[in-house]
Amino acid sequence: AWRELTFLPVALSLAVGPLLWAYASALDDGRPPARLGLHLAAPALQFAYGFICFLLPLSAKWTWYTGGHRDWIDPALEAASLASLLGYAWAIHGVLQRRRARLADARSDDDRFAAGWLRGVLAAIVLALALHLVQALFGPDREAEVRRARLA
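Residues numbered from 1 in each chain as written. Predicted model: local features only at pLDDT ≥ 70, side-chain atom pairs only at ≥ 80, totals over all residues. Heavy atoms only, no water.

(A) Structural detail: the packing of aromatic side chains. Tallied over the entire structure, the rule returns 5 aromatic pairs. When the ring of F7 is compared with that of Y49, the centres are 6.0 Å apart and the planes differ by 90 degrees; the resulting orientation is edge-to-face. Taken together, the residues F7 in the segment before helix 1 (13-29) and Y49 in helix 3 (residues 41-54) connect sequence positions 42 residues apart. On the basis of relative accessibility, which here comes to 24%, the residue Y49 falls in the partly exposed class. Ring plane angle 45 degrees and centroid distance 5.9 Å describe the contact between W21 and Y88, whose orientation is recorded as tilted. Of this pair, W21 sits in helix 1 while Y88 sits in helix 4 (residues 58-106), placing them 67 residues apart in sequence. (Phe/Tyr/Trp six-rings, centres within 6.5 Å; stacked < 30°, edge-to-face > 60°. Helix = DSSP H or I, 4+ residues; strand = E, 2+ residues; numbered from the N terminus. Buried < 20%, exposed > 50% of the residue type's maximum accessible area, 1.4 Å probe, protein only.)

(B) Seen up close, the pattern of salt bridges. Taken as a whole, this structure holds 1 salt bridge when the rule is applied. A salt bridge links D28 to R99; the shortest N-O distance between them is 3.7 Å. You can see D28 sitting in helix 1 and its partner R99 sitting in helix 4, a full 71 residues away along the chain. Take D28: its relative accessible area is 14%, and that puts it in the buried class. (Salt bridge = Lys/Arg side-chain N within 4 Å of Asp/Glu carboxyl O.)

(C) Structural detail: the side chain of T6. The topology assignment puts T6 in the segment before helix 1. According to the relative accessible area criterion, T6 is buried, its value standing at 11%. Within the structure, the side chain of T6 is placed 2.9 Å from the backbone oxygen of R3, a separation counted as a polar contact. Excluding residues that lie within four positions of it along the chain, T6 makes contacts with F54, K61, W62 and Y65. (Polar contact = N/O pair within 3.5 Å; in protein donor to acceptor, adjacent residues only side chain to side chain. Contact = heavy atoms within 4.5 Å.)

(D) Here's a closer look at the layout of surface pockets. In this structure, the largest pocket spans a volume of roughly 340 Å³. Every element with two or more residues in the lining of the largest pocket is listed here: helix 3 and helix 4. With 6 residues, helix 4 is the single largest residue contributor to the lining of the largest pocket. Looking at the lining of the largest pocket, its residues break down into 9 nonpolar, 6 polar and 2 charged. (1 Å grid on protein atoms, 1.4 Å probe; cavity = no way out; pocket = protein on both sides within 12 Å on 5 of 7 lines; lining within 4 Å. Points joined across faces, edges and corners; volume = space filled by probe spheres on them. Nonpolar A, V, L, I, M, F, W, Y, C, P; charged D, E, K, R; others polar.)

(E) Summary view of helix 5 (residues 116-138). The end-to-end C-alpha distance of helix 5 is 33 Å, a good match for the 33 Å that 23 residues give at a rise of 1.5 Å each. Among the residues of helix 5, those classed as buried are L118, L122, I125 and L129. (Expected span 1.5 Å × (residues − 1).)

(F) Focus on a nonpolar patch on the surface. Together, W2, L5, L8 and V10 line one region of the surface with nonpolar side chains, adding up to about 470 Å² of accessible area. Within the secondary structure, V10 is located in the segment before helix 1. Looking at V10, the relative accessible area reads 67%, which means it is exposed. (Patch = residues over 30% accessible without salt bridge, like charges linked within 9 Å, V, L, I, M, F, W, Y side chains within 5 Å. Areas by Shrake-Rupley, 256 points an atom, 1.4 Å probe, with all protein chains shown as cover.)

(G) Summary view of the environment of R98. Looking at the element boundaries, R98 is found in helix 4. In sequence terms R98 and D28 are 70 residues apart; their C-alpha atoms lie 8.7 Å from each other.

(H) Representation of the packing of helix 1 against helix 5 within the structure. At a closest axis distance of 12 Å, the pairing of helix 1 and helix 5 adopts a crossing angle of 160 degrees. Here helix 1 lies roughly antiparallel to helix 5, going by the angle between them. Considering how the two elements wind past one another, helix 1 and helix 5 form a crossing that is left-handed. Along its contact with helix 1, which presents L20, Y23, A24 and L27, the element helix 5 presents W117, L118, V121 and I125. (Axes fitted to C-alpha atoms, helices over the stretch in contact; angles between N-to-C directions. Parallel < 35°, antiparallel > 145°, perpendicular 65-115°, else oblique. Left-handed = near helix turned anticlockwise from the far one by under 90°.)

Bear in mind that shape data such as this cannot, by itself, settle questions of function.
Okay, here's the thing in structure tokens:
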């Protein structure tokens, strides 16, 4: 319905994992992780791609969106987003393990400072990944979506 807004770069799925990991690391160490900029390179490229495509003339934008983007770029971005979330979930798990070990050595009331909410976020990420994988494997046919988009 709003073809003009196609490619508006506001949904940066590649940024979720690195930002959650950076937040968890900053909570643990008291400062942002080293080389955070490298971890944000993929989201920056995703933003740049969306921004450049957003600036295309409407007819070219829609042709690219229903053609090459849907066939190649969108599946690649989806796979990269899933891989990123899985990798950063593992990294957050490592941050939590190190935090628990340090707290156990330093405090007798380490449960108060164990960041239980972060375990909940980690569980939510894993659950969302599992649901997304099920939907990708058994969800609606992508080709039918492409045909509907081309007819619209």
